[in-house]
Amino acid sequence: MDTPSKLNEPDRAAAIEPRFASAMASVFDALLARQGAMLAIKDCATGRYEYVNAAMARFLGRTASEIRGHSDAELVDPALATAWRAAEQSALAQAQASCSEHRFEWAGARHDYLVLRLAWKGEVDGQRWMCSVWTDQSPQRQKDAQLRNALEQLEQQQRANERLRLELSDQGLRD
């Protein structure tokens, strides 16, 4: 039997035994919650939400049940909804998972997300679903900026130390 790592995407999903699906869903939910990632599942045809996790519901400022059945156009600014829908349409054209970055203002704050999108077809009814996992990049970008600033300060100190060393060396030669 093929191992899941050697199978292509559709075969890998089929290789997961149904008895493990619930456990995998629980692990996936726990992983997303631990990382603070947001999860949404939409109907590809309508763009309407079928499922959101607690983090996505908090982000949108509603309960999961209030979001279910609605489209982005009904929940967020039209320009933002248009950008998100365009990214979903682009992901639909791909045969595999795709990533895109979204930087935008929402609820008075600047947001920077990396979004992994994957479309798949239902086994029973053939309906297509768009699954998206949103990961906030702001904390990592802040850490990167802090690291760059720290490195810049070290380089400035090294240059200042080098100047002092040269001055002391010149002064020693003169004395």
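Shown above is the structure to which this text applies.
The model shown is predicted, which means the values in this text are computed figures rather than measured ones.

Is there a simple way to explain the side chain of Ser132 in this structure?
With respect to the secondary-structure elements, Ser132 resides in strand β5 (residues 128-136). For Ser132, the side chain forms a polar contact with the side chain of Trp134, separated by 3.2 Å. Aside from chain neighbours lying at most four places away, what touches Ser132 is Met38, Leu39, Ala40, Val115, Leu116 and Arg117.

How should the sheet that holds β5 be read in this particular structure?
Whenever strands of a sheet pair, they do so through backbone hydrogen bonds, lying parallel or antiparallel. Read from one edge of the open sheet, 5 strands run β2-β1-β5-β4-β3, paired in antiparallel fashion. Lying at the two open borders of the sheet, with one neighbouring strand each, are β2 (49-52) and β3 (98-106). Strand-to-strand twist across the sheet, computed as the mean angle between neighbouring axes with direction ignored, equals 25 degrees. Relative to β5, strand β4 (residues 109-121) runs antiparallel, the two being bridged by 9 bridges. Looking at β5, one finds that Lys121 is bridged to Arg128. Along the sheet, helix α6 (residues 78-92) makes contact with β1 (38-43), β2, β3, β4 and β5, crossing β3 at roughly 180 degrees. Along the sheet face, helix α7 (residues 138-174) touches β3, β4 and β5 and points at about 130 degrees away from the line of β4.

Looking at this structure, I do not really get empty space enclosed by the protein. What am I missing?
Left-over empty space is what a probe sized like a water molecule reveals as it rolls over the atoms. All chains considered together, the criterion is met by 1 cavity of 30 Å³ or more. Considering only enclosed or pocket space, the largest cavity measures out at about 40 Å³ in volume. The set of elements that each furnish at least two residues to the lining of the largest cavity consists of β1, α6 and β5. Of the residues that constitute the lining of the largest cavity, the class distribution is 5 nonpolar, 1 polar and 3 charged.

So what exactly am I meant to see when it comes to the packing of aromatic side chains here?
The relative placement of two aromatic rings is captured by the distance of their centres and the angle of their planes. For the coordinates displayed, the defined rule picks out 7 aromatic pairs. The interplanar angle of 75 degrees and the centroid separation of 6.2 Å between the aromatic rings of Phe59 and Phe104 together place this pair among those described as edge-to-face. Of this pair, Phe59 sits in helix α3 (residues 54-60) while Phe104 sits in strand β3, and the two are 45 residues apart along the sequence. Summarising the burial analysis for this pair, Phe59 and Phe104 share the class buried.

Looking at this model, I keep getting lost on a nonpolar patch on the surface. Mind explaining?
A grouping of Leu147, Leu151 and Leu154 is seen on the molecular surface, where their side chains present a nonpolar patch of about 290 Å² in accessible area. Here Leu147 shows up in helix α7.

I'm lost on unusual backbone geometry in this one. Help?
Across residues other than glycine, the phi torsion is negative in most instances, and most of the peptide bonds are trans. At Ala107, a residue that is not glycine, the phi angle is positive and equals roughly 55 degrees. If you trace the backbone, Ala107 turns up in the loop between β3 and β4. Classification of Ala107 by relative accessible area gives exposed; the value is 74%.

Looking at this structure, I do not really get α6. What am I missing?
Along an α-helix, residues three or four apart share an orientation, since each turn contains 3.6 residues. In this model α6 runs 21 Å from its N-terminal to its C-terminal C-alpha over 15 residues, within 8% of the 21 Å that 1.5 Å per residue would give. Of all the residues in α6, the buried ones are Leu80, Ala81, Trp84, Ala87, Glu88, Ala91 and Leu92. When α6 is viewed along its axis, its buried side chains cluster within an angular range of 145 degrees and face the same direction. For α6, the exposed residues lying more than 90 degrees away from the buried face are Pro78, Ala79 and Thr82. Sitting at the head of α6, Asp77 places a side-chain oxygen 3.1 Å from the backbone nitrogen of Ala79.

What counts and what doesn't
Residues numbered from 1 in each chain as written. Predicted model: local features only at pLDDT ≥ 70, side-chain atom pairs only at ≥ 80, totals over all residues. Heavy atoms only, no water. Helix = DSSP H or I, 4+ residues; strand = E, 2+ residues; numbered from the N terminus. Polar contact = N/O pair within 3.5 Å; in protein donor to acceptor, adjacent residues only side chain to side chain. Contact = heavy atoms within 4.5 Å. Pairing = 2+ DSSP bridges. Axes fitted to C-alpha atoms, helices over the stretch in contact; angles between N-to-C directions. 1 Å grid on protein atoms, 1.4 Å probe; cavity = no way out; pocket = protein on both sides within 12 Å on 5 of 7 lines; lining within 4 Å. Points joined across faces, edges and corners; volume = space filled by probe spheres on them. Nonpolar A, V, L, I, M, F, W, Y, C, P; charged D, E, K, R; others polar. Phe/Tyr/Trp six-rings, centres within 6.5 Å; stacked < 30°, edge-to-face > 60°. Buried < 20%, exposed > 50% of the residue type's maximum accessible area, 1.4 Å probe, protein only. Patch = residues over 30% accessible without salt bridge, like charges linked within 9 Å, V, L, I, M, F, W, Y side chains within 5 Å. Areas by Shrake-Rupley, 256 points an atom, 1.4 Å probe, with all protein chains shown as cover. Salt bridge = Lys/Arg side-chain N within 4 Å of Asp/Glu carboxyl O. Expected span 1.5 Å × (residues − 1). Arc of directions from axis to C-beta.

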